[in-house]
Number of protein chains: 2
Amino acid sequence: MQSVKPILSAVLLALGVTAISTTAVHAKAIETQRHNIELEVVTEGLEYPWGMDFLPDGSVLITEKTGAVVHYHFDKNEKHTLSGVPEVVYAGQGGLLDIVVDPNFAENQWVYLSYAEADPAGGDGQSTAVTRARLDGHKLVDQELIFRVAPKFNSRFHFGSRLVFSPEGHLFITTGDRYHHMDDAQTLDNHDGKIVRIWPDGSVPEDNPFVDQAGAMPEIWSYGHRNVQGAAIHPLTGKLWAAEHGPKGGDEINIAEAANNYGWPVATFGIDYDDSIISDKTYVEGTVLPHYYWVPSIAISNMIFYTGDAFPEWKNDLFVAALRGSQVARLDLDGDRVMHEETLLQDDTKARLRDIAQGPDGFIYLLSDDKNGALLRIKPAE
Amino acid sequence: MQSVKPILSAVLLALGVTAISTTAVHAKAIETQRHNIELEVVTEGLEYPWGMDFLPDGSVLITEKTGAVVHYHFDKNEKHTLSGVPEVVYAGQGGLLDIVVDPNFAENQWVYLSYAEADPAGGDGQSTAVTRARLDGHKLVDQELIFRVAPKFNSRFHFGSRLVFSPEGHLFITTGDRYHHMDDAQTLDNHDGKIVRIWPDGSVPEDNPFVDQAGAMPEIWSYGHRNVQGAAIHPLTGKLWAAEHGPKGGDEINIAEAANNYGWPVATFGIDYDDSIISDKTYVEGTVLPHYYWVPSIAISNMIFYTGDAFPEWKNDLFVAALRGSQVARLDLDGDRVMHEETLLQDDTKARLRDIAQGPDGFIYLLSDDKNGALLRIKPAE
């Protein structure tokens, strides 16, 4: 992978680089508690990028919320837009959202996309759907819809949509409560405010927790969530960790285990955006307290457990990207236990950070949520 | 307990109260995440107060590092200085340090004092010692030395000295590494950098972890500590939690269990005051990582688990007082797990907070470390 010379841009300016010289500008050096790092712009011109995942050849697929998938090749610094992407409802928080590459991509070429889907029956509602398709050059072919949130509502908010594979090959899909339907998160007859678990072909695993419960959606893995936009598998335990946006306060990280109720909206550490009380309780019997939470909110987008070799002191730490404060929270973990929180990058970029991923090179990649969005990279300082 | 009208003082000025009126000035109202509180000055004129504990009648005993014990009666707003206090070495971090009232005080009238003691053999060394005496009116009588750190060193630093009773009636005493003898913390032939456990009469419990180990000091409970100035018993588990000062960075909270090695100085999240490396390792096999830690340091003095009724949303939370940033860190706990940290009081007082205690009224009391030190109180806002 050749060195990428960042071009001058709004993001670069926000990085504090003011000298107008494309050759002199490479990266911003930043001292952190355990590593000295550099933050650099890999490429720009991404329209509200939302999700990304790497292919076995080291290139990366990036979704643009407006409805495109960009295939970026680092070595040639080339972008290609894929054909065959499903039609999405781009409005409010909806659009083309996450992307994940099949763990067996080399054999099957599947990639999975989540997005806000219009009502195929012609109604005015939308909901999160997940499709898969095979990547053939710069085309997506053999498209199959594998999951659709029911019911469809006319709401532009809280689509959840993060996609992550379990070590056993299940696909976890996170959803949201659609804001206007928060009480749905407490009942099992719908997919709002849930984490669901399916097989990659859309079939329901026989050991899902509610498959035998009458009236319950069989895909449900856990419930009582608000808007889960972060998900990652703990590298040592293999368990799913999920991050959700609280309202005003109360962003949560949960260890999302089968059948658990995470309390939204009957228990929360947050209040509503207009300062009204959603629940006066932070805990209700039968629900699970967050593993860790933030007040005030940082607006968590996605998170990763770092497992690479480029930053040895960060091994197995949790990195939580945020839309607010342009920060990444590093949670120093001992197993599941949060020992310490360090705030990274704050004030180093004014970007809303929409996604975070670990590259095959062990570097950490970020997407900035902007009309002229960027792929950013954290490297060890030279 | 009658309402206490704070007198105008440096502390009050630091509280942001600038109007010169002793009748109009009562308390500063502060909004926090779970409770609206008031911070008020109960009494001043305490010379470098270090430790405090409450008597069954609701009055409080406060040590002054310079060598006195002050008995403060809230109802009469009266201070009495006790006679019969042992002679202390007041120099550097040494002096008269902690005080704890026997859980069976009503029957036996014992109080326990920790302090920097001169070498009784006439050498130039000092070390932490603990004595007990019965409180008879405003006199301490029947004094008995029950523990003495060995060996004595000529060092003005790191005396540890916090005293706390276990639910079974043991007395835990925390020590320090004396700064110049940090390696002592890793060996069991001395009391430096240890937590020790004795019976209140000074005898060694038969089930202490190293009683049968040749060459080991039998009082040792845990080791590998730097300077433990905070200690409290978890109200649900009955286990000892201990807080220690890191060097530059690396203040730690540990669940201090029998025979454990907490790693100092072979593993630390801090560096030395001159920025030199003490250890390049944060973890070494055979040692225990901190339960929670701070970088940069907040300079932890003492901590309590809150168990009162005045602040119901704070039940069983851990409150960690700090010398730096005049702050109290509230750790919202679910059992042992830290779910969230809230910083309280920062910028509300310029005081170095030396001790924290829960009063029999359920209010939270603090001591400010100053020549004109104060007893402060956190109450619910009216």
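- In the annotation of an unreviewed UniProt entry, the entry for chain A reads Oxidoreductase, and the organism field reads Pseudidiomarina taiwanensis.

Structural notes on the relation of the copies chain B and chain A
Move 1: With an RMSD of 0.0 Å, the fit of chain B onto chain A corresponds to turning through 180° and sliding 0.0 Å along the axis. These values place the two chain copies in the arrangement generated by a two-fold rotation axis.
Move 2: A share of 95% of the interface residues of chain B reappears at the interface of chain A, consistent with the copies meeting face to face through the same patch.

Focus on unusual backbone geometry
Move 1: For the bond running from A150(B) to P151(B), omega is 0°, close enough to zero to count as cis.
Move 2: For P151(B), the position within the fold is in the loop between β10 (139–148) and β11 (163–165).
Move 3: Of note, the amide linkage connecting V295(B) to P296(B) takes the cis form, showing an omega dihedral of -5°.
Move 4: Looking at the element boundaries, P296(B) is found in the loop between β18 (292–294) and β19 (300–305).
Move 5: Phi at L345(A) takes a positive value of approximately 70°, unusual for a residue other than glycine.
Move 6: Mapping L345(A) onto the fold places it in the loop between β22 (337–344) and β23 (353–358).
Move 7: Of note in the backbone geometry, S161(B) takes a positive phi value of approximately 95° without being a glycine.
Move 8: One can find S161(B) in the loop between β10 and β11.
Move 9: You can call S161(B) buried: its relative accessible area is 0%.

Focus: the UniProt feature "domain: Glucose/Sorbosone dehydrogenase" (unreviewed entry) in chain A
Move 1: Here, the residues flagged by UniProt with the feature "domain: Glucose/Sorbosone dehydrogenase" (unreviewed entry) are residues 46–377 of chain A.
Move 2: Along residues 46–377 of chain A one finds 1% helix and 41% strand; the C-alpha atoms at either end are 15 Å apart.

What about the pairing of strand β16 (residues 240–244) of chain B?
All names here are of chain B.
Move 1: Burial runs high along β16: 5 of the 5 residues are buried.
Move 2: Neither face of β16 is exposed, since L240, A242 and E244 on one face and W241 and A243 on the opposite face are all buried.
Move 3: The sheet contact formed by strand β15 (residues 228–233) and β16 spans 5 bridges and is antiparallel. When the bridges of β16 are listed, I233 appears paired with L240.
Move 4: Connecting β15 to the antiparallel partner β16 that follows it, the hairpin turn spans 6 residues, and G238 within it adopts a positive phi of roughly 75°.
Move 5: Hairpin remark: β16 followed by strand β17 (residues 251–255), antiparallel, with 6 residues in the connecting loop; positive phi at G249, about 90°.

Notes on the confidence of the model for chain A
Move 1: Predicted confidence across chain A gives a mean pLDDT of 93, with 93% of residues reaching 70 or more.
Move 2: Low confidence marks residues 1–10 of chain A, where pLDDT is under 50. Its contacts with residues over four positions away, or in another chain, come to 26 contacts.

Thoughts on the pattern of salt bridges
Residue and element names in this part refer to chain B.
Move 1: Following the criterion strictly, the structure yields 38 salt bridges over all chains and no others.
Move 2: Taking the shortest distance from any N to any O, the salt bridge between K315 and D309 comes out at 2.8 Å.
Move 3: The class for K315 is partly exposed, based on a relative accessible area of 37%.
Move 4: For D309, a relative accessible area of 66% gives the class exposed.
Move 5: Between D317 and R330 there is a salt bridge, and its shortest N-O distance comes to 2.7 Å. Here D317, found in the loop between β19 and β20 (318–322), pairs with R330, found in strand β21 (residues 328–334); they are 13 residues apart in sequence, far enough to count as distant.
Move 6: By relative accessible area, D317 is classed as buried at 1%.

Notes on the packing of aromatic side chains
Move 1: Using the criterion set out here, one finds 32 aromatic pairs over all chains in the structure.
Move 2: When the ring of Y72(A) is compared with that of F74(A), the centres are 5.0 Å apart and the planes differ by 75°; the resulting orientation is edge-to-face.
Move 3: By relative accessible area, Y72(A) is classed as buried at 1%.
Move 4: Under the relative-accessibility criterion, F74(A) is labelled buried at 3%.
Move 5: Each ring, one from Y179(B) and one from Y273(B), has its centre 6.3 Å from the other, and the planes form 40°; the classification is tilted. Note that Y179(B) is positioned in the loop between β12 (171–174) and β13 (194–198) and Y273(B) in the loop between β17 and β18, a separation of 94 residues in sequence.
Move 6: One Lys or Arg, R226(A), reaches over the ring of W264(A) and ends 5.2 Å from the middle of that ring.
Move 7: A cation sits over an aromatic face here: R132(B) above W110(B), 3.8 Å from the ring centre.

Section: the sheet that holds β18(B)
Strands in a sheet are paired, the pairing made by backbone hydrogen bonds, and the direction either parallel or antiparallel.
Residue and element names in this part refer to chain B.
Move 1: Strand order in the open sheet made by the 4 strands is β15-β16-β17-β18, with antiparallel pairing throughout. Looking at strand neighbours, the two that pair on one side only are β15 and β18, the edges of this open sheet. Sheet twist, expressed as the mean angle between neighbouring strand axes with direction ignored, is 15°.

Points about the environment of L135(B)
Residues and elements named next belong to chain B.
Move 1: Along the chain, the position of L135 falls in strand β9 (residues 126–136).
Move 2: Under the relative-accessibility criterion, L135 is labelled buried at 11%.
Move 3: As a C-alpha pair, L135 and G84 span 51 residues in sequence and 9.4 Å in three-dimensional space.
Move 4: In this structure L135 touches L55, L61, H71, L82, F105, Q109 and L140, once residues within four positions along its chain are discounted.

So, the interface of chain B and chain A
Move 1: At the junction of the two partners, chain B supplies 21 residues and chain A supplies 20 residues.
Move 2: Carbon and sulfur atoms supply 48% of the area buried between chain B and chain A, which totals about 1,700 Å² over both sides.
Move 3: Considering only the side of chain B, the residues that lose the most area to chain A are Y293(B), R337(B) and M339(B), jointly responsible for 30% of the buried surface there.
Move 4: At the boundary of chain B and chain A, one finds 0 salt bridges.
Move 5: The tally of links from chain B across to chain A stands at 12 residue pairs in polar contact (both at pLDDT 80 or more).
Move 6: Listed by contribution, the elements that provide at least two residues to the side of chain B that touches chain A are β18, β21 and β22 (337–344) of chain B.
Move 7: Residue contributions to the side of chain B that touches chain A peak at 4 residues, all from β22(B).

Concerning the pairing of strand β13 (residues 194–198) of chain A
All names here are of chain A.
Move 1: For β13, a buried count of 5 out of 5 residues is recorded, marking the element as mostly surrounded by other parts of the structure.
Move 2: Across 4 bridges, strand β12 (residues 171–174) lies against β13 in antiparallel orientation. Note that in β13 the partner of I173 across the bridge is V196.

Remarks on the side chain of E219(B)
Residue and element names in this part refer to chain B.
Move 1: Structurally, the position occupied by E219 is in the loop between β13 and β14 (220–223).
Move 2: For the buried E219, no salt bridge exists, and the shortest N-O distance to an oppositely charged side chain is 10 Å, to K194.
Move 3: Leave out the neighbours within four places in its chain, and E219 touches F147, H191, I195, V196, R197, I198, V204 and N208.

Procedures and definitions
- Here the residue numbers are simple positions, counted from 1 along each chain's written sequence.
- To read the labels, note that chains go from A and ligands from 1, taken in the order they are written.
- Local features are withheld for residues below a pLDDT of 70 in this predicted model, meaning they are given only at 70 or higher, and side-chain atom pairs are given and counted only at 80 or more; totals for whole chains, interfaces and linings count all residues.
- For side-chain calculations, the full set of non-hydrogen atoms in the structure is used, while hydrogens and water are omitted.
- Least-squares superposition aligns the copies on the C-alpha atoms of those residues with pLDDT at or above 70 in both.
- Contacts are assigned to residue pairs that have any heavy atoms within 4.5 Å of one another.
- Secondary structure elements follow DSSP: runs of H or I no shorter than four residues count as helices, runs of E no shorter than two count as strands, and numbering proceeds from the N terminus.
- Exposure categories follow from relative accessible area, calculated using a 1.4 Å probe and restricted to protein chains: below 20% of the type maximum is buried, above 50% is exposed, and the middle band is partly exposed.
- UniProt positions are given in the numbering used here, feature names are shortened, and annotations may be inferred rather than shown by experiment.
- DSSP bridges decide pairing: two strands pair if at least two such bridges lie between them.
- Confidence scores here are pLDDT values: one per residue, from the predictor, ranging 0 to 100.
- Here, a salt bridge means any side-chain nitrogen of Lys or Arg that lies within 4 Å of a carboxyl oxygen of Asp or Glu.
- Ring pairs shown here join Phe, Tyr and Trp side chains whose ring centres sit within 6.5 Å, with only the six-membered ring taken for Trp; geometry is labelled stacked below 30 degrees between planes, edge-to-face above 60, and tilted in between.
- Our definition puts a charge over a ring when NZ of Lys or CZ of Arg is within 6 Å of the ring centre and also within 35 degrees of the ring normal.
- To obtain each axis, a line is fitted to C-alpha atoms, and for helices this fit is confined to the stretch in contact; angles are then taken between N-to-C directions over 0 to 180 degrees.
- What gets called buried area is simply the loss in accessible area from a 1.4 Å probe that two parts show on being joined, summed for both.
- We define a polar contact as two N or O atoms separated by no more than 3.5 Å, with the added condition that, inside protein, one atom must be a possible hydrogen donor and the other a possible acceptor, whereas residues neighbouring each other in sequence contribute only through side-chain atom pairs.
- Under the counting rule used here, the positive set is Lys and Arg, the negative set is Asp and Glu, and His together with the chain ends is not counted.

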